[in-house]
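One-letter residues, chain by chain:
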Amino acid sequence: DRLRALVGPSVPLWATEGNVLGASVSMLTPPAPFAAPNVERDAAAVTAWATDLLAAKTERVFVYELVESSYYSDSDLSLLDPDGTPRPAAAALATLAYELGARRYLRTVRWKTGQARIFVARNGTTGSSLAVLYDAALTPLELPRKLRARSRDCWGAPLLASEHPRLVYVEADTLDQLLRLLRVR
């Protein structure tokens with residue numbers, strides 16, 4: 001938001017060569033003494049990072065690096081394991097792209113302890129409205145039953161009854177329906 005304020009609304013912004021440290025963890029078990037990754041939290045982190053950039057009206061978001069570096073001392077922020085297997089963050093980013101489709105960012109609304117980034121159909125197109133809902137600290141969300149029934153996790157899957165995800169997608173046919181579902185006026 002601060003960068004957008006500096007350059008104005010008409011200058012296209014691209015976020016290049018970025019990623020969330022630790023959000024591209026592998027499905028492989030790390031060697032001791034490293035802790036096992038929290039795959040769902042890390043996927044939610046990279047999705048929230050990209051969503052925040054899009055909410056700042058960034059036109060394009062680029063993530064590096066695609067495949068793990070062959071240099072031992074390099075940071076590992078890749079989206080693919082050395083054998084080409086997509087890491088959970090890659091799947092989460094693909095889900096974000098799919099969920100957004102042709103939607104554009106409209107606004108952010110406060111929701112309980114978190115926020116909902118609202119995306120709507122672009123001018124001249126028809127389509128539903130979508131909220132990407134998460135807490136800034138990516139703590140697990142306590143969702144009311146009615147909202148839970150309409151929510152999908154960061155990989156686009158319906159929520160299990162016992163699941164407390166850190167980021168969800170909520171979709172409704174219209175913006176008014178979405179705001180009522182979120183209990184926002």
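Treat the numbers as computed from the prediction; the structure is a model and nothing was measured.

A. A look at the environment of Arg 103. By the secondary structure assignment, Arg 103 is in strand S3 (residues 103-111). Note: C-alpha distance between Arg 103 and Ser 129 (26 residues apart in sequence) is 7.8 Å. Residues contacting Arg 103, with those up to four places away along its chain left out, are Phe 119, Val 120, Ala 121, Arg 122, Ser 128, Ser 129, Leu 130 and Glu 171. A polar side-chain atom of Arg 103 sits 2.7 Å from a polar atom in the side chain of Glu 171.

B. Molecular detail of the pattern of salt bridges. Across all of its chains, the model carries 5 salt bridges by this definition. Two residues, Arg 103 and Glu 171, come together in a salt bridge whose shortest N-O distance is 2.7 Å. Here the residue Arg 103 occupies a position in strand S3, and Glu 171 occupies one in strand S7 (residues 167-172), the gap between them amounting to 68 residues. A salt bridge links Arg 152 to Glu 171; the nearest nitrogen and oxygen atoms lie 3.3 Å apart. Placement of Arg 152 in strand S6 (residues 151-152) and of Glu 171 in strand S7 is noted, with a sequence separation of 19 residues between them. Accessibility expressed as a relative area gives 17% for Arg 152, which makes it buried.

Conventions and cut-offs
- Residues numbered from 1 in each chain as written.
- Predicted model: local features only at pLDDT ≥ 70, side-chain atom pairs only at ≥ 80, totals over all residues.
- Heavy atoms only, no water.
- Helix = DSSP H or I, 4+ residues; strand = E, 2+ residues; numbered from the N terminus.
- Contact = heavy atoms within 4.5 Å.
- Polar contact = N/O pair within 3.5 Å; in protein donor to acceptor, adjacent residues only side chain to side chain.
- Salt bridge = Lys/Arg side-chain N within 4 Å of Asp/Glu carboxyl O.
- Buried < 20%, exposed > 50% of the residue type's maximum accessible area, 1.4 Å probe, protein only.

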